[in-house]
Every structure is written in C-alpha cells, then in structure tokens.
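# Remarks on the overall topology
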Amino acid sequence: MMQLPQAGTSWETLKAALIDAKRGDLDWRRGRLPLYVYWRDEALHRVAEEAYQLYFIENGLGRKAFPSVKKLERDVIEMALGLFGAGEGAGGSFTAGGTESIFQAVKTARDRARAGRPALRAPKIVIPYSAHPAFNKAAHYLALDVVRTPLDRAFRADVAALEAAIDDDTVMIAGSAPAFPHGAFDPIAQLGEIAGKRGVWLHVDACVGGFLAPFARELGHPIPPFDFRVPGVTSLSADLHKYGFAAKGASLILFRDADLQRFQRFEFGDWPRGRYSTDTFLGTRPGAPVAAAWAVLNFLGRQGYVDIARTIMDAKARLARGIEAIEGLRVVPPSELSFLLYGSSDPAVDIAAVAEGMTARGWFVGVSVEPPAIHLMLNPVHAPIIDEYLADLAGSVTEARRTRRTGTVDQRTY
Ligand SMILES: *Cc1c(COP(=O)(O)O)cnc(C)c1O
C-alpha cells in the first residue's frame, strides 16, 4: 500500500511520473474513445485550460467573496436559457455534472410535491426504460420509488404506457433528448401534454444532447422539439462538459420558473456558525469549471457550435455509410444526433466477436445489451479516423466470420 512519503519529491520528477502514468490509457486524441472525452482541437483546449487556471483557487460557495464567479455562472445560465427557449422568469443552477443536475431536478420536484400535496405517501418518479441511471441514483438517495415504463419499437418512451403508470404518488415524469442507450429522442411534446393534463412535473434530460441538438437542427437535421418551447416542460438538464466542450465538472439544471428553486435550496442554521445555504449538492464548489464553461461558450459562439455540429454529423454520416457497406453489419435505428449503434445482420457474424476484434485493434468499444450492438458517440476527434476505423471494422468482421467464435465482451462500459 502506498504511504505518504516522508520527504517531498521535485515537481519535475512528479510531472514526468504523471505523464508516464497515462501511457496505458486509451489514445483519445486519435479518436479511440467513443465516449468520456469531447475534444475539438488545441485552440479550444487552450481556452478552456487557461480560463480554468485563472479560476483555479476561487470557490463558488463564497458568493460574496467571489462575485465574479456568481456573475460568470449567471451569464452561462442565461446563455443556456436563451438557447433552450426559456421565457421570462426562468432560472437555473450550475452543477458538477449531469448526475448532479438530475439529482437537483428530482429533489426539487419531490419537495415541491411534498409542499403542495400533504397526502403524498410514497413519492415516485415515472421514467422511460432508457432513462439514465442517474434518476435511480437520485431516487435512491432521496428515498423515492422509480417506475421504468416500456419503450416503443423505435426505442422511444411509449407515451401511453408512461401515462398509465402515473398515479397520485407520482412527483415527476421524464424524457430524454436523446437517451443514451439508443440515441433516441423521447416524444417530449407528447410528454408535455401529459404533464400539463395530469399536473405533474416533466424533466427533460438533455444532458448529452443539449449543446449539440440545437445546432444540428440549424443545419437541417430533424431534431424534434425538446426544450422549454414545449409546453409542460418544467426542468431541463444539459451538460456543458459533454457537447458544450467545457472542462469537466460542468452541467446545468434549468427551471421554467425560477420560483421553483426554493424547493431546491438547502437552508440550515442549527449549528454554532449560523446560517448555511446552498442551491445545489456541493458545498465548496470549484470556480474553475464555471470560468472554463463561460470562456468556451463565448469563444465558440453559436457559429462555433454549428461548425462543430457539422463536423460531427458529417463524420457520422460517413461512418454510417461505411458500416452499412460492410456485409453482415447494419446500423440500428434511430441512432439520432451523434449516436451510432450497429449490430449484426447475419447470423454468421457475432457482434460480440466483432467488438472483441475492435478491442484487440486498440479501439475502446461500448456495447449495448438491448439490442446487442456496438455503441458510439461521435465528436470532432473522430472525423479524421473514420477510414482507419472502417478498415479495422472490416478486418474484425472477416475475423468474426472465420472464427465463428462467440465473443465475451464485458458489457459494463463504465
Ligand atoms: C451523461 C449523461 C448523464 C449523466 O451525466 P454525468 O455528467 O455523467 O453525470 C445523464 N443523462 C444522459 C442522457 C447522459 O448522456
């Protein structure tokens, strides 16, 4: 077991050790990762990194000490509210990630329901089967029940099934824009109608799609309505540290009505140090991801994001065509936005064996369970490596046909 060393070591030595330690990691710069990393180029990297360093010390908990962090946060929230079509009176909070944003949404919905419905016994949330595990994590921490309802044949929320599961204990329903497992947009407009009719909170999980979908739409890609322009949407989560291209530790929880945020806030005074109040889960909060997100949003602007969306969507189209051209493979619809799932169209090609072949060729492979498929999310680092990927894929398929061995791929991507 490693012990804290008695004496210190020079930074030079330590820096070399850290750089060396990365050598076994996958080469994300060469597009080997289909998730975890969102990257365009050195210029954008430098903006995020330098902004991050400028706010390395500042603590977002100290709102009076660091009014600048508060102001940067406000700017980021307002830019996002505008992007997602929120009107007057909307609000939001900067969080450490999608999981925290979803936690805040669930917590706020629960506490609002508790305040308005004294008869509430066993509060629950009703979400599609494809919703992110963060909903269950939040419900677990908050002692809520979760009902996951079936998907339709296009892997979207089955609206009738979801509506049928709503009862007097339901404090929230949710849909994803899009959902991670299949890259499928849930029918948010229909969910909004149900939310309005039943008077229930609707959260839209746009964690992955939020900072890509509006720009893909501008390019003419068919993106269904999913944001505050849809009546009935109460809250929305969008990750800056995914397609916002900000530094990690950056997401937003947004509310149609800022007044709902009083159910989000935690206030406490029963200790010797007096009043303590936070809007989100964290206490001490790094200022750095706020500054980095602010800088990246302003550096790219709408045009920069549209250009990124074009790069991603064009790369995806090339990859999809290449996959369809390999005998024995097929793209699994809907695979919307930057998502691309592909599976086997031939019993002689076992997709798990193909995944194994790709892994052996140095690609990190995400595997979906239902349906069995290889699961990718593209970002600009993939644009230059599509041909290389397709060549390795063709090789892996040939090999899978030859060996006819059933691969044993670890399905736990995380
Ligand atoms: C990534 C993701 C989340 C969770 O976000 P983290 O930043 O990993 O906590 C939630 N929902 C969807 C759809 C996601 O893709």
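Provided above is the structure to which this section pertains.
Right, let's walk through the structure included here. Once a new chain begins, its residue numbering starts again from 1 and follows that chain's sequence as written. The predicted origin of the model limits local features to residues at a pLDDT of at least 70 and limits the giving and counting of side-chain atom pairs to 80 or more, whereas totals for whole chains, interfaces and linings rest on all residues. Side-chain metrics in this entry use all non-hydrogen atoms of the structure; hydrogen atoms and water are not considered.

## Digging into the pattern of salt bridges
A carboxyl oxygen of Asp or Glu within 4 Å of a side-chain nitrogen of Lys or Arg is what we treat as a salt bridge. In the structure shown here, the tally under the stated rule is 25 salt bridges. Across the salt bridge formed by Asp-259 and Arg-262, the nearest N and O atoms sit 3.4 Å from each other. For Arg-265, the salt bridge goes to Asp-279, with nearest N and O atoms at 2.6 Å. Here the residue Arg-265 occupies a position in the loop between β7 (251–255) and β8 (266–268), and Asp-279 occupies one in the loop between β9 (276–278) and α9 (288–324), the gap between them amounting to 14 residues. Strands here are runs of E lasting at least two residues and helices are runs of H or I lasting at least four, both read from the DSSP assignment and numbered beginning at the N terminus.

## Some thoughts on helix α11 (residues 386–403)
The α-helix advances 3.6 residues per turn, and as a result positions three or four apart in sequence lie on the same side. Between its first and last C-alpha atoms α11 spans 25 Å; for 18 residues at 1.5 Å apiece the expected length is 26 Å, and the two agree. Exposure is judged per residue with a 1.4 Å probe applied to protein chains only, and the accessible area is read against the type maximum: over 50% gives exposed, under 20% gives buried, and values in between give partly exposed. Among the residues making up α11, those that are buried are Ile-386, Tyr-389, Leu-390, Asp-392, Leu-393, Ser-396, Val-397 and Ala-400. Buried residues along α11 cover an arc of 165° about the axis, so they all sit on one side. Among the exposed residues of α11, those pointing more than 90 degrees away from its buried face are Asp-387, Ala-391 and Arg-402. A contact between two residues is defined here by any heavy atoms of the two lying within 4.5 Å. As for α11, its buried residues are in contact with α9, β10 (329–331), β11 (339–344), α10 (351–360) and β13 (373–377). Residue count minus one, scaled by 1.5 Å, sets the expected span of a helix. The arc refers to the directions leading from the helix axis to the C-beta atoms.

## Things to note about the nonpolar core
What we call a nonpolar core is a set of buried Ala, Val, Leu, Ile, Met, Phe, Trp, Tyr and Cys residues that are connected through their side-chain atoms within 4.5 Å. The biggest cluster of nonpolar side chains holds 100 residues, and the ones touching the most others in it are Phe-84, Phe-211, Phe-226, Leu-240, Tyr-389 and Leu-393. Residue contributions to this core peak at 18 residues, all from α9. Ignoring sequence-local partners within four residues, the contact set of Phe-84 consists of Gly-210, Phe-211, Pro-214, Phe-226, Asp-227, Phe-228, Arg-229, Leu-236, Ala-238 and Leu-254. Residues Ile-102, Ala-105, Ala-113 and Ile-127 belong to the second largest nonpolar core, which totals 25 residues.

## Examining empty space enclosed by the protein
One simple way to see leftover space: roll a probe sized like a water molecule over the atoms. In the cavity and pocket records, a cavity denotes points on a 1 Å grid over the protein atoms alone where a 1.4 Å probe fits but cannot get out, a pocket denotes an open set with protein on both sides within 12 Å along at least 5 of 7 lines, and lining residues are residues with an atom within 4 Å of a point. Grid points are joined across faces, edges and corners, and a volume is the space filled by probe spheres set on the points. Scanning the model with the defined rule gives one cavity of 30 Å³ or more in all. One number sums up the size of the largest cavity: a volume of about 120 Å³. Around the largest cavity, the lining is made up of 16 residues, and of these Gly-31, Trp-363, Leu-376, His-382 and Tyr-389 lie nearest the centre. Of all the secondary-structure elements, those providing two or more residues to the lining of the largest cavity are β13 and α11. The element best represented in the lining of the largest cavity is β13, accounting for three residues. Residue composition of the lining of the largest cavity, grouped by class: 13 nonpolar, two polar and one charged. Each residue receives one of three labels: charged for Asp, Glu, Lys and Arg, nonpolar for Ala, Val, Leu, Ile, Met, Phe, Trp, Tyr, Cys and Pro, and polar for the others, Gly being one of them.

## Digging into the packing of α10 against α11
Think of each axis as a best-fit line through the C-alpha atoms, taken over the contacting stretch in the case of a helix, with angles from 0 to 180 degrees between the N-to-C directions. Viewed as axis vectors pointing N to C, α10 and α11 meet at an angle of 130°, and their least axial separation amounts to 8 Å. Judged on the interaxial angle alone, α11 and α10 are oblique. For the crossing formed where α10 meets α11, the hand is right-handed. Contact residues: Ala-353, Val-354, Gly-357 and Met-358 in α10; Tyr-389, Asp-392, Leu-393, Ser-396, Val-397, Glu-399 and Ala-400 in α11. Class assignment of the residues belonging to the contact of α10 with α11 gives a composition of seven nonpolar, two polar and two charged. For classification purposes, angles smaller than 35 degrees are called roughly parallel, those larger than 145 roughly antiparallel, those between 65 and 115 roughly perpendicular, and all remaining angles oblique. Crossings are classed by handedness, with left-handed meaning an anticlockwise turn of the near helix from the far one by less than a right angle and right-handed meaning a clockwise turn.

## What about the sheet that holds strand β5 (residues 201–205)?
Taken together, seven strands build an open sheet; the order of strands is β1-β7-β6-β5-β4-β2-β3 and the sheet is mixed. The open sheet has two free edges, formed respectively by β1 (91–95) and β3 (145–149), since each of these has just one partner strand. Direction aside, neighbouring strands of the sheet carry axes that sit 20° apart on average. Where strand β2 (residues 124–128) and β3 come together, five bridges link them in parallel fashion. If you follow Pro-128 over to β3, its bridge partner there is Thr-149. On top of the sheet, helix α7 (residues 188–198) reaches β4 (170–176) and β5; it is set at about 165° to β4, its chief contact. Two strands qualify as a pair provided that DSSP identifies no fewer than 2 bridges between them.

## Topic: the sheet that holds β11
The strands making up a sheet associate through backbone hydrogen bonding, with each pair oriented either parallel or antiparallel. What the four strands build is an open sheet, ordered β10-β11-β13-β12; its pairing is antiparallel. Of all strands in the sheet, those with a lone pairing partner are β10 and β12 (366–368), marking the two edges. Taking each pair of neighbouring strands and ignoring which way they run, the sheet shows an average axis angle of 35°. In this structure, β10 lies alongside β11, joined through three bridges in antiparallel fashion. The partner of Arg-330 across the bridge, within β11, is Gly-343.

## Some words on the site of the ligand
By convention in this text, a residue qualifies as near a molecule or strand provided that one of its non-hydrogen atoms is within 4 Å of it. Not every one of the 13 residues close to the ligand is listed here, only the nearest: Gly-98, Thr-99, Asp-205, His-241 and Lys-242. Residue His-241 places a side-chain N or O atom 2.8 Å away from an oxygen atom belonging to the ligand. Within the contact set of the ligand, an oxygen atom lies 3.0 Å away from a side-chain nitrogen or oxygen of Lys-242. Shrake-Rupley sampling with a 1.4 Å probe provides the accessible areas, and residues are treated as covered by the protein chains on show and by no other component. Protein coverage of the free-state accessible area of the ligand, which is 380 Å², stands at 86%. Of all the elements, helix α4 (residues 98–116) adds the most residues to the shell around the ligand, at three residues. Here the residues of the shell around the ligand are counted per class, giving five nonpolar, five polar and three charged. In the analysis that follows, any N or O atom pair within 3.5 Å is treated as a polar contact, provided that within protein one partner can donate a hydrogen and the other can accept it, and provided that, for residues neighboring in sequence, both atoms belong to side chains.

## Things to note about the side chain of His-382
Mapped onto the elements, His-382 comes out in the loop between β13 and α11. Under the relative-accessibility criterion, His-382 is labelled buried at 7%. Here the side chain of His-382 touches Leu-33 through a polar contact of 2.8 Å, landing on its backbone oxygen.

## Structural notes on the pairing of β5
Counting buried residues in β5 gives five out of five residues, a clear majority hidden from the surface. Where burial is concerned, the two faces of β5 agree: the one with Trp-201, His-203 and Asp-205 and the one with Leu-202 and Val-204 are both buried. One ladder, built from five bridges, connects β4 with β5; its direction is parallel. Across the sheet, the residue bridging to Ser-176 is Asp-205, located in β5.

## A closer look at the pairing of β4
Summarising burial for β4: seven of the seven residues are buried, a large majority. Here three bridges tie β2 to β4, and the two strands are oriented parallel to one another. Residue pairing for β4: Ile-125 is matched across the bridge by Met-172.

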